[in-house]
Amino acid sequence: KAAKMLAWTTAEDKYNVTVEVIPYPEDAGWGPQRIAHINQQSAVGQPSADFYIIDSAWIPQLVEGGSVHDVTDHYAMFGQAHMDPGYRQASTYQGRLYGMSNGAAGIIHGLFYNYNLLTELELPSPAQLFVDGEWTYSKFVEYATAAQALLPEGGYALAGEAALYWAGMVNAGGIKLADTDNMAINFTTPTGFDAAQALTQIAQAGAFDPAGLWDAQNVSFRSGLSLFNPGEIWYRNVAGWWLDIWGPGDESQFGYVPYPMPDNGSLESYRLGFPGEAVYVMAENLPLPTGVTNAGVYRVLADIFMATRLNQQAEPDYDQEETRRTGFMRLVDDPASVEAMLAIQPANIFFDPLKSIQPHYAAEGLGPALRTIVHQGADFNETLTQ
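Keep in mind that this is a model prediction, so the values were computed, not measured. (Residues numbered from 1 in each chain as written. Predicted model: local features only at pLDDT ≥ 70, side-chain atom pairs only at ≥ 80, totals over all residues. Heavy atoms only, no water.)

**Q** Tell me about the packing of helix α1 (residues 2-15) against helix α12 (residues 294-314), and please be specific about residues and values.
**A** The description of two helices packed together rests on the angle between their axes and the distance between the axes. At a closest axis distance of 8 Å, the pairing of α1 and α12 adopts a crossing angle of 140 degrees. Put simply, α1 runs oblique to α12. Of the two elements, α1 crosses α12, and the hand of that crossing is right-handed. In this structure, α1 contributes A3, K4, L6, A7, W8, A11, K14 and Y15 to the contact, and α12 contributes R299, V300, D303, I304, A307, T308, N311 and Q312. Of the residues assigned to the contact of α1 with α12, the class counts are 9 nonpolar, 3 polar and 4 charged. (Axes fitted to C-alpha atoms, helices over the stretch in contact; angles between N-to-C directions. Helix = DSSP H or I, 4+ residues; strand = E, 2+ residues; numbered from the N terminus. Parallel < 35°, antiparallel > 145°, perpendicular 65-115°, else oblique. Left-handed = near helix turned anticlockwise from the far one by under 90°. Contact = heavy atoms within 4.5 Å. Nonpolar A, V, L, I, M, F, W, Y, C, P; charged D, E, K, R; others polar.)

**Q** Break down the packing of aromatic side chains for me, with residues and values.
**A** All told, the structure shown has 28 aromatic pairs when counted by the stated rule. With a centroid separation of 5.8 Å and 85 degrees between ring planes, the pair formed by W135 and Y143 is classed as edge-to-face. Taking relative accessible area as the criterion, W135 reaches 0% and is therefore assigned buried. For Y143, a relative accessible area of 5% puts it in the buried group. Every member of this aromatic cluster is reached through a ring pair, and the members are F112, F221, W234, Y235, W241, W242, W246, F254 and Y256. (Phe/Tyr/Trp six-rings, centres within 6.5 Å; stacked < 30°, edge-to-face > 60°. Buried < 20%, exposed > 50% of the residue type's maximum accessible area, 1.4 Å probe, protein only.)

**Q** Would you mind going over helix α14 (residues 335-343) in detail, with residue names and values included?
**A** All buried positions along α14 are accounted for by A336, S337, V338, A340, M341 and L342. Tucked inside the fold, the buried residues of α14 contact β5 (109-114), α7 (126-131), β9 (254-257) and α13 (320-329). Among the residues of α14, the N-terminal cap falls to D334, whose side-chain oxygen and the backbone nitrogen of A336 are separated by 3.0 Å. (Polar contact = N/O pair within 3.5 Å; in protein donor to acceptor, adjacent residues only side chain to side chain.)

By themselves these figures say nothing about function.
Structure below.
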């Protein structure tokens, strides 16, 4: 925070500007309303701000709406190649860069588990299995089946949406389901088949909740009866999602483990999908004062990003690894989960925007297809090629 404040005030003095953060209007709620607001304001030449914070998945709609500025050339001139590759890919549309970020692609999602329940049942830590390189499809089937035998009535080893498990498991094998590099959709691969088979075996053992609800809505997970549920990091400390989900304080203890990998996988080959994140975009049609250019406006924020990073690295007690560890310790209670999170390095992350392109909850998305395969035994290739 101190590093960012210093970068902010330095940029204000250097460029003779005032940097101000303002909220979106009340009628520009998250999602379609916000996209419409940004497009409408640009169309009349009155953007609400110089920069907007948006979901990177919205960039195509905003580009088509003519409301965001192409910053490719500005980045080449002032960006100093500082953008994380995952964020850069998430901010690129039709070969041109539109987003800005000072973030680093990291853990967004994975499998969370009820650590209170895990310790009560005296089950081994799945996070430790991951750290030891043993968290494979076969081990997952074995683990879920064994856990089911110990769970109370109404509980399941796996709760949540089959498509989320499957997508994470396929990514873990190094397969991008939505490959933006090659403009390909990779559903019917051998890795995808093996992942579906593992989940089907778990379902056939009665260890997979057939309700298929997800995120904050899963009843068996919220009730404390089920063990695993896919989720995103931010759910953990948000009221109405997973904050104090089973009771206050130590009554709601969580563990985290990345999705299982193929039986021939390793920690070196492991991949965790990065679906995109919040990024800054520069508004198009800015009513700039005489002598001020879009490049100049871009440079202010680019300088703040770079100076923040340099200021932080210059602090005497700065330790990037210890900062990561401290952050993870605030999210999980299983000590092995912290080690599993630390084991995920930048090389283990790749950009796969499938969740944005084809969300599992959409009627035409993967949710219905994978539920049919996993819970009803439908043919894998036939179902995913329809």
